[in-house]
Every structure is written in C-alpha cells, then in structure tokens.
Amino acid sequence: MPEGDALHRAARRLQPLVGERVEVETPHPRAQVGQIAERLDGRRLLSVEAVGKNLLLTFEGGVVLRSHLRMTGRWSLVPRGSTRRGRPWLVLRGSRYEGVQWNGPVLELHSRAVRRLGPDVLAAEPDVGRMVENLRRDDQGRAVGDALLDQRLVAGIGNKWKAEALWVVELSPWRLLAEATDAELHAVLQAAASQMRSSLEGRRHANRVYRRAGRPCPRCGERIRSRGQGDANRIAYWCPACQR
Ligand SMILES: [Zn+2]
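A short tour of the structure in this document, coming up. (Residues numbered from 1 in each chain as written. Predicted model: local features only at pLDDT ≥ 70, side-chain atom pairs only at ≥ 80, totals over all residues. Heavy atoms only, no water.)

## Details of unusual backbone geometry
Most peptide bonds are trans, and most residues other than glycine sit at a negative phi. We apply this condition: Numbering of helices and strands starts at the N terminus; helices are DSSP runs of H or I of at least 4 residues and strands are runs of E of at least 2.
Note the cis peptide between Gly104 and Pro105, where omega equals -5 degrees. Tracing the chain through its elements places Pro105 in the loop between β7 (97-102) and β8 (106-110). In this structure, Arg70 is a non-glycine residue whose phi angle is positive, near 45 degrees. Its place among the elements puts Arg70 in the loop between β4 (63-68) and β5 (74-79). With a phi angle near 60 degrees, Arg211 is a residue other than glycine that sits in the positive phi range. With respect to the helices, strands and loops of the structure, Arg211 is situated in the loop between α6 (182-200) and β9 (225-229).

What follows is the structure in structure tokens.
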C-alpha cells in the first residue's frame, strides 16, 4: 500500500532519469485524456521528488507532473526497451532506462509545483516545529488521529504510521487537539518520522496496533480496538488501556 515511504522509494528509483531528455508515451487509454505525452515528450526531466503523498516530476519549462498512487499505482525503472505485459499509464524513456507508471490512478500536469502541503514528515530534517504550529492553527476540537492525516498540516503520514506512532507515544487517536500538549504532538510526529524513515531504509516493522483489532496490545495485553474516524472514516486502531 503506497504510503509516504513508498513514494520516497519511487522518487529514489527514478533518479537515473533526472537530467535526461525523455520520450513520453501514455499507452493506457485512461492516461491519454490530459495529452500528457504530447505536452511532455522531448522535455528534459529536472527533478523527481516525493512531497507528502505526491510524486512531483518537474520538467523544463516549469511543467510539473503530479502522480498520486493511492492504493494501486506504482512506478518501476527498467532498462530501455524492456518487454512488458499490459499497458502502463505512462512511460518516460531516457537513453538507458525507462520509468514506467502502472495503474495510475492520478496523473496531472500543473504549470507550477503543488505546494499547499504541510511540511514533509520524510524530509531529511523534518520540520516538526512547523507541523505542531500547523496542528495548533487547526480546529482544536478535532481529534489528533484525524488531524495527523490532514496533508495540509503534515504531509506524508498515512493511516498505518498514524496508528503505529500514536501507540508508541501512548496517545489515543481520539484525544482532542485541545487536550494534547505541544510536547505530546511533537513526540507523535517525531515517532512517525523515525518509523517511516526506518521503513524507507528497508528495516522491517512489525505492526503493534494497525490491523490488529481484537488482538492483545503488545505492551499491556488489552484488546486492541478499531473504529472509523474523521470525515473520510479512516479506521483508527488503538489500545484503550495504554493510549489515553
Ligand atoms: Zn496497551
């Protein structure tokens, strides 16, 4: 499931294409709508970066391709001219490699970078102070677990890392922002950043609460609970005994 760390891996994978003038094709009919191939073909790729849940590919001329992978999309890098089965959404062909995007589901061209996102939790030095400020500027009647998923406040935390980070710092996803101290918010953001960084670097992570409803909490043995939270009704997982 693509979370922020999966996007960072995709950005890293595509680096060999940076600096190259690319041939662009959109084999899949759903990707042909925005005339992406026509507008990008022959341009030089200047950068590929993961920002929050988006992969931003910047081309010369100030054209930015935004790729959002949701649950299904993925990027691969293969030697130029590799045979493949099926129809990818997008192929960016450089001199030696080609970047291939499968299953969309979002490819959009912008004339400028999408920058209305909060600080990136996976930045080399995450700006946790500004993330806390953003959370404080939001509605303080909002639950912490809901606010952590708001990409305008903090970019890149997905449902899994939200649940796991809240468990580490023993904070309930249902605690209201008004009832959480700055130190607690700082701690949960720091926990999310370090767990996600570790996953990005390839270390395995055993889930403590995420998708473990009904099973015992690894810290105290209480049964883990789950319930939909926020406008998007994302499932929150927590231990009712040790996450206050
Ligand atoms: Zn517990």
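## What about the sheet that holds β8?
Our working rule: Strand pairing is assigned whenever DSSP identifies at least 2 bridges connecting the two strands. Structural elements are reduced to axes, namely lines fitted to C-alpha atoms, with helices fitted over the stretch in contact, and the angle between N-to-C directions of any two is expressed from 0 to 180 degrees.
Reading across from one edge, β2-β3-β4-β8 is the order of the 4 strands in this open sheet, with antiparallel pairing throughout. Strands at the two margins of the open sheet, each flanked by one partner only, are β2 (45-51) and β8. Adjacent strand axes in the sheet meet at a mean angle of 20 degrees, parallel and antiparallel pairs treated alike. Summarising the sheet, strand β3 (residues 54-59) and β4 pair through 6 bridges and their orientation is antiparallel. In the strand pairing of β4, Phe59 is matched with Val63.

## Overview of the sheet that holds β7
Taking strand neighbours across the sheet as the criterion, the 4 strands line up as β1-β6-β7-β5 in an open arrangement whose pairing is antiparallel. One side of each edge strand has no neighbouring strand; the edge strands of this open sheet are β1 (23-25) and β5. For this sheet the average axis-to-axis angle between neighbouring strands, irrespective of direction, equals 15 degrees. Relative to β7, β5 is paired through 6 bridges, and the arrangement is antiparallel. Looking at β7, one finds that Ser76 is bridged to Val100.

## Topic: the pairing of strand β10 (residues 234-238)
When a strand is regular, its side chains alternate between the sheet's two faces. Here β9 pairs with β10 via 5 bridges, running antiparallel. Its bridge partner lying in β10, Ser226 is registered against Tyr237.

## Some remarks on the packing of aromatic side chains
Working definition: an aromatic ring pair is given by the centre-to-centre distance plus the angle between the planes. For the record, the criterion: Only rings of Phe, Tyr and Trp enter the pairing, Trp through its six-membered ring, and a pair is recorded when the two centres are within 6.5 Å. The plane angle decides the type: under 30 degrees is stacked, over 60 is edge-to-face, the rest tilted. Burial classification: accessible surface area is computed with a 1.4 Å probe over protein chains only, and a residue below 20% of its type maximum counts as buried, one above 50% as exposed, and the rest as partly exposed.
Going through the model one piece at a time under the given rule, you end up with 2 aromatic pairs. Ring plane angle 70 degrees and centroid distance 5.6 Å describe the contact between Trp174 and Trp238, whose orientation is recorded as edge-to-face. You can see Trp174 sitting in the loop between α5 (159-168) and α6 and its partner Trp238 sitting in strand β10, a full 64 residues away along the chain. Its relative accessible area of 27% is what places Trp174 among the partly exposed residues.

## Thoughts on the coordination of the zinc ion
Counted only if it meets this: Note: metal donors comprise N, O and S atoms at 2.8 Å or less from the metal (3.2 Å for Na, K and Ca); water molecules are not included, so apparent gaps in a site are possible. Irregular is the label for any site that misses the other tests, which are tetrahedral for four donors with all angles between 85 and 135 degrees, and square planar for four donors or octahedral for six when opposite donors exceed 155 degrees and the remaining angles lie between 65 and 115.
Protein-derived coordination of the zinc ion comes from Cys217 (SG), Cys220 (SG), Cys239 (SG) and Cys242 (SG), at a distance range of 2.3 Å. Given 4 donor atoms and angles of 99 to 123 degrees at the metal, the environment of the zinc ion is assigned as tetrahedral. Here the donor residues of the zinc ion share one chain and are spaced in sequence as C-x2-C-x18-C-x2-C. One end of the pair, Cys217, is in the loop between α6 and β9; the other, Cys242, is in the segment after β10, and 25 residues separate them in sequence. For Cys217, a relative accessible area of 4% puts it in the buried group. The exposure class assigned to Cys242 is buried, which follows from its relative accessible area of 11%.

## Here's the deal with the packing of helix α3 (residues 128-137) against α6
When two helices pack together, their arrangement is given by the angle between the helix axes and by the axis-to-axis distance. Heads up, the rule is: Each angle is binned into one of four classes, with values under 35 degrees roughly parallel, values over 145 roughly antiparallel, values of 65 to 115 roughly perpendicular, and all other values oblique. For a crossing to be left-handed, the near helix must be turned anticlockwise from the far one by less than a right angle; the clockwise case is right-handed. Residues count as neighbours in contact if any of their non-hydrogen atoms are within 4.5 Å of one another. Residues are grouped as follows: Ala, Val, Leu, Ile, Met, Phe, Trp, Tyr, Cys and Pro are nonpolar; Asp, Glu, Lys and Arg are charged; every other residue, Gly included, is polar.
Packing of α3 against α6 brings their axes to within 10 Å, and their N-to-C directions diverge by 125 degrees. As far as their axial angle goes, α6 and α3 are oblique. As for the relative orientation of α3 and α6, their crossing is right-handed in sense. Seen from α3, the contacting residues are Val128, Gly129, Met131, Val132, Leu135 and Arg136; seen from α6, they are Asp182, Leu185, His186, Leu189 and Gln190. Grouping the constituent residues of the contact of α3 with α6 by class yields 6 nonpolar, 3 polar and 2 charged.

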